[in-house]
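Structural features, examined
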Amino acid sequence: MTQESAYPWREEGATPFISIRNITKRFGNFIAVDDISLDIYKGELFGLLGGSGCGKTTLLRMLAGFESPTSGSIIIDGADMTQVPPYERPVNMMFQSYALFPHMSVEKNIAYGLKRDGVARDEVKDRVADMLAMVELSDFGKRKPRQLSGGQRQRVALARALVKRPKVLLLDEPLAALDKRLREQTQFELMNIQDRTGVTFVVVTHDQEEAMTLSTRIAVMDAGRFMQIGEPAEIYENPATKYIANFIGSANLLPVTIGAKSNAAYEVQHVLSQTAFTVSSDQTLNAGDELTLALRPEKILIDKSPLADYENQITGIVREIAYLGKISTYRVETPLGVTLEVTAPNQVRPKGTGHRIEWDDEVYLGWNTDSAILLKD
Amino acid sequence: MSGSTLGNWLQSRWQSIVAGIPFIWLLVFFLVPFFIVLKISLAESLIASPPFSKLLDWGDGGLPSLNISIDNYAYLWEDSLYVRTYLNSIKIALICTVLCLLIGYPMAYAIVRAQGTTRYILLLLIILPFWTSFLLRVYAWMGLLADQGTLNSFLMWLGVIEKPIRLLYSQFAVYVGIVYSYLPFMILPLYANMEKLDTSLQEAAADLGAKPMAGFFTVTLPLTAPGILAGSLLVFIPATGEFVIPDLLGGGNVLMIGRILFNEFNSNHDWPVASAVAIALLIVLVVPMMLYHKVQAAEARRGT
């Protein structure tokens, strides 16, 4: 057997650990999940990302066995799980509400799954103690869930779901109930635990930042289908559609007409203002095609003096500034007839009250040929 | 000027006034009658009007003498009829409580699990019988269970039986009547309790390897225990003292304490013994009542 790759999905012919094949789920006339297929590999921390009602939770519940698919099959570690009830699946779930049993102590909550499997009492004790140590709650074993803080409950839920050493751990919005500071800290804790246990995680989230930080790969869902599956950077830098470009981060979208090709770049013309830009693209495009130019706000340089080394340059007037501390977001009115969003780090500490760029300043905007991308839909 | 003073007074005191009214209500309509009954139970029976001796006797010397007798209570203990009737009432009430629980629990569960309007229709059907008089509904059961009644006629028409079977004026009829009448009192507290139950808890149990039965006994049942207890006490307490159902459906064949009480008052005109029967019943029921209040208080604490 060859050494396991850290990026099995990049390899040709790697064996998937979870294989979702042509799954459809209907509730009456409503199609929650629409004929989707997906391979997830061992040890992945896979993110299912989408807005509410996109079908991500239904998919997760089908993996857990709470919903059975209308058609299609689910294979986990070589075994067909499609018709297997939840209590016989080698899969555990961490619920969004945590679903801790309120009438049981923390220890009993964690021990619950082991007792159902008839694990010997001494072993239950040891494994519960190990789990409590892992989530740093060793002193809280005798408490009831209601006597814990939100963050502690979240850790108990994680320990309870991991104690059975499942092949797959499903996490439904694992961080949604925590405040921002705790959420960031817990993100790293989750990644750490995933790394140590080697369990394959499937995380459902509506928070794109959370998905980006946590996941090895992300599947972006909308209306029951996958819109794009890929590594976080791939999805961010090469979004497949306008929807994804705007859903993951933000993007300035300009409708353009394709012109002549030179080297690996196309000459394009902004439809509204006829302004010309150059954009590199490895797609084969025909002159006259109408596409959308997508440009991330942080890929545009903003300055009060003309910029030397940028292929694409326009001028504009700053209409709005959102100062966020480490960065500022500017909304710049341009001769294109559109307002572009630009972000820039606040590298220089302003002297006095004035900032480097102020409201109504005339500014120069510039970006490189390979900073923007062309999207078909 | 006086108006504004009154207004100020009302404003500063309205909380105690609002809280005070129900207390006065309970004092007048609960506590006072209770003490009257207690007083009569300690008197002696007389052929007079009212038919009992006075608590305070103003003798010839002008000094009052206190007439207290516990003879009535002693009599209840000595005559085995009363003890037997108390025990029989408790037995019938207990069996009916268990039957209500066995029927009501799945019903409450089904209502909680029903979706949208179905749920409210089912709930309405549980409450609907309260819109007609309790007495009328018991009379309706007489019609159903009588020798020439609906049920017997139907069974004879089917050919299951050749001549009517005795349904009315039997222990069976009393059970049917009590279970029927008190079932909503079991279902409603159970429903209120189950509605609060997070379904993801049952899913979590299944997810952790509990088969449906194991999940029910380890998660659902313990979490619905307060509802079970509340419903059981709401059925058990009034069923023990039930009078109308054993009287109308049980005839003379079923001894329950409510009937004894009625007979002592109306047939024997022995008010003191009747009062003693009532006080003794109250003492028998004090334990479950206290239990009920404890459960309610615990539920209220948990709810907040």
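Residues numbered from 1 in each chain as written. Chains lettered and ligands numbered in written order. Predicted model: local features only at pLDDT ≥ 70, side-chain atom pairs only at ≥ 80, totals over all residues.

With that settled, the discussion passes to the overall build of chain B. The helix and strand tally for chain B stands at 12 helices and two strands. Along the chain direction, N to C, the helices and strands of chain B fall in the order α-β-β-α-α-α-α-α-α-α-α-α-α-α. For chain B, the C-alpha radius of gyration of 25 Å lies well beyond 19 Å, the compact-globule estimate for 304 residues. Oriented by its inertia axes, the alpha-carbon framework of chain B measures out at about 85 × 75 × 40 Å. Within chain B, buried positions represent 30% of all 304 residues. At a minimum sequence separation of 6, the contacts of chain B that also span at least 24 residues come to 69%. (Helix = DSSP H or I, 4+ residues; strand = E, 2+ residues; numbered from the N terminus. Rg over C-alpha atoms; globule rule 2.2 N^0.38 Å. Buried ≥ 20, exposed ≤ 12 C-beta atoms within 10 Å, placed from the backbone. Contact = placed C-beta atoms within 7 Å.)

Right, let's get into the overall build of chain A. A tally of helices and strands in chain A yields eight helices and 20 strands. Dimensions of chain A, computed from the C-alpha atoms along their principal axes, are close to 75 × 55 × 45 Å. For chain A, the proportion of its 377 residues judged to be buried stands at 37%. Considering only residue pairs separated by 6 or more positions, chain A has 64% of its internal contacts joining residues 24 or more positions apart.

Let's shift gears to the domain arrangement of chain A. Residue and element names in this part refer to chain A. Each assigned domain of chain A is listed here: domain 1 (1-90 + 199-249) and domain 2 (250-375). In this assembly, seven residues from domain 1 lie in contact with eight residues from domain 2. When grouped by side-chain class, the residues that make up the side of domain 1 that touches domain 2 number two nonpolar, four polar and one charged. (Domains from an automatic or database assignment. Nonpolar A, V, L, I, M, F, W, Y, C, P; charged D, E, K, R; others polar.)

We now examine the interface of chain A and chain B. With 16 residues of chain A at the interface, the matching set in chain B holds 15 residues. Of all the secondary-structure elements, those providing two or more residues to the side of chain A that touches chain B are β6 (91-94) and α2 (106-116) of chain A. It is α2(A) that contributes the most residues to the side of chain A that touches chain B, three residues altogether. When grouped by side-chain class, the residues that make up the side of chain A that touches chain B number nine nonpolar, four polar and three charged.

Right, let's talk about the sheet that holds strand β1 (residues 18-27) of chain A for a bit. Residues and elements named next belong to chain A. Read across the sheet, four strands follow the order β2-β1-β4-β5 without closing on themselves; strand pairing throughout is antiparallel. With partners counted over all chains shown, the strands left at the sheet margins are β2 (30-40) and β5 (79-80), one partner each. Judged from the two bridges that link them, strand β4 (residues 71-76) and β5 form a sheet pairing that is antiparallel. Among the inter-strand pairings, I75 is bridged to a residue of β5, identified as D80. (Pairing = 2+ DSSP bridges.)

This part covers the packing of helix α7 (residues 171-195) of chain B against helix α9 (residues 212-240) of chain B. All names here are of chain B. For the pair α7 and α9, the least separation of the axes is 8 Å and the interaxial angle reads 155 degrees. Relative to α9, the element α7 lies roughly antiparallel. Our pair here, α7 against α9, has a crossing hand that is right-handed. Contacts between α7 and α9 involve I178, Y182, F185, M186, P189, L190, A192, N193 and M194 from the first element and T224, P226, G227, I228, A230, G231, L234, V235 and A239 from the second. (Axes fitted to C-alpha atoms, helices over the stretch in contact; angles between N-to-C directions. Parallel < 35°, antiparallel > 145°, perpendicular 65-115°, else oblique. Left-handed = near helix turned anticlockwise from the far one by under 90°.)

The subject of this paragraph is the environment of A:A6. Summarising the element assignment, A:A6 is placed in the segment before β1. Taking the C-alpha atoms as reference points, A:A6 and A:T216, separated by 210 residues in sequence, lie 9.6 Å from one another.

Okay, the environment of B:L188 next. Note that B:L188 resides in helix α7. On the neighbour-count criterion, B:L188 (20 C-beta atoms within 10 Å) is buried.

All names here are of chain A. Taken across its five residues, strand β7 (residues 168-172) has five buried, putting it largely inside the fold. With burial as the criterion, each face of β7 is covered, one bearing V168, L170 and D172 and the other bearing L169 and L171. Sheet topology note: the β6/β7 ladder contains four bridges and is parallel. From the neighbouring strand, V91 faces β7, where its bridge partner is V168. As judged from the five bridges shared by β7 and strand β8 (residues 200-205), these two strands associate in the parallel manner. In the sheet register, V168 faces β8, and the bridge partner there is T200. For the crossover that starts at β7, traverses helix α5 (residues 180-197) and ends in the parallel β8, the hand is right-handed. (Right-handed = clockwise from strand over helix to strand, strands pointing away.)

Residue and element names in this part refer to chain A. Taken in spatial order, the six strands of this open sheet run β6-β7-β8-β3-β9-β10, and their pairing is mixed. If you trace the sheet from one side to the other, it starts and ends with β6 and β10 (225-230), each paired once. If you compare each strand with its neighbour and ignore which way they point, the axes differ by 20 degrees on average.

On to the nonpolar core. All names here are of chain A. In this structure, L170 and V202 are the most contacted members of the largest nonpolar core, which totals 103 residues. Counting residues per element, this core draws most heavily on helix α4 (residues 150-162), at six residues. The two domains that each donate at least three residues to this core are domain 1 (1-90 + 199-249) and domain 2 (250-375). Those residues in contact with V202 that lie beyond four places of it in its chain are I40, F46, L48, L60, L63, V168 and L170. (Core = buried A, V, L, I, M, F, W, Y, C linked by C-beta atoms within 7 Å.)

Attention now goes to the confidence of the model for chain B. For chain B, the average pLDDT comes to 88, and 96% of its residues sit at 70 or higher. The ipTM, which scores confidence in the relative placement of chains, is 0.85 for this predicted complex, and the corresponding pTM is 0.82. (pLDDT = per-residue confidence, 0-100.)

With that out of the way, let us pick up the pairing of strand β12 (residues 265-270) of chain A. All names here are of chain A. Here strand β11 (residues 252-262) runs beside β12; their pairing, made up of five bridges, is antiparallel. Considered in β12, the bridge of K261 is made with Y266. Counting the residues between successive antiparallel strands, the hairpin from β11 to β12 contains two residues, one of them, N263, with a positive phi of roughly 55 degrees. Pairing between β12 and strand β13 (residues 276-280): five bridges, direction antiparallel. Directly across from Q269, in β13, lies its bridge partner A276.

A separate point is helix α1 (residues 56-64) of chain A. Residue and element names in this part refer to chain A. In terms of burial, α1 is a largely internal element, nine of the nine residues being buried. Taken residue by residue, α1 has K56, T57, T58, L59, L60, R61, M62, L63 and A64 as its buried positions. Of the residues one or two after α1, G65 is the one with positive phi, at around 100 degrees.

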